[in-house]
Amino acid sequence: MGDLDPAGTIVAKAAGEGLAGVLVPVAFERLDQVEAWLAEKGYDPETDRFTADVSQETLTVTTLGQVDEGGRVNLELAMGLEDRIGGHMVTGHVDGKARLLSRYEDARAERFEFEAPHDLARYVARKGSVCLDGVSLTVNEVDGDRFSVCLIPHTMEITTLGQLQPGDEVNLEVDLIARYLERLTAPEFQDDDPTDSE
């Protein structure tokens, strides 16, 4: 959904066979909803920590491998079927990395300009949605592979986005609906008849 809980801090990393164990202090406001899930992850209520296994694919595609011990990461609980949708549809499956080009004040907010990989830029549209480091944001402007978003003080305070500097990379998840539309309208599927069961 892209509505974040307070960020956590990586306190230990241990690599082994393509996996990295990550301990993150838990500050979920809705902790009672996920106690069973956290128990499976080795959650320790005395230290407010749990362990997450990170695959080699995740370390390759995302920026998590670049985060050192003591670094902050954004956290969000998965949305339940009964929950109100407060952002756009976010799966948590990162498509690639975007690079921050500049940031500057824009009234009480700050405008951040990013450059997306060329093969992902076509999924980013003005006034559409984009997910950066797990944060659901509205796209303000688009120019080729570049796009900008505005961050309000609250978002910069509770997420890691406020500490970004030009040259830093963020995890980029493009709009899910745009992905499916491209697949459905692909030329190789135009002759298919979904009502034909034979």
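Residues numbered from 1 in each chain as written. Predicted model: local features only at pLDDT ≥ 70, side-chain atom pairs only at ≥ 80, totals over all residues. Heavy atoms only, no water.

**What to know about the overall build of the protein**
So, point 1. A count of helices and strands for the protein gives 5 helices and 11 strands.
So, point 2. Sequence separation of at least 24 residues holds for 69% of the intrachain contacts in the protein that already meet a minimum separation of 6.
So, point 3. Taken as a whole, the protein presents about 11,900 Å² of accessible surface, with 49% of it coming from carbon and sulfur. (Helix = DSSP H or I, 4+ residues; strand = E, 2+ residues; numbered from the N terminus. Contact = heavy atoms within 4.5 Å. Areas by Shrake-Rupley, 256 points an atom, 1.4 Å probe, with all protein chains shown as cover.)

**Some words on the pairing of strand β11 (residues 169-173)**
So, point 1. The buried fraction of β11 amounts to 4 of the 5 residues, a majority that puts the element mostly inside the structure.
So, point 2. In this sheet, β11 lies alongside strand β6 (residues 96-106) in antiparallel orientation, the contact comprising 4 bridges. If you follow Gly96 over to β11, its bridge partner there is Leu172. (Buried < 20%, exposed > 50% of the residue type's maximum accessible area, 1.4 Å probe, protein only. Pairing = 2+ DSSP bridges.)

**Section: the environment of Leu164**
So, point 1. Counting through the fold element by element, Leu164 comes out in the loop between α4 (153-158) and β11.
So, point 2. A sequence separation of 61 residues divides Leu164 from Arg103, and the C-alpha atoms of the two residues are 8.8 Å apart.
So, point 3. Among all residues touching Leu164, those that are not within four sequence positions of it are Leu100, Arg103, Phe112, Phe114 and Val170.

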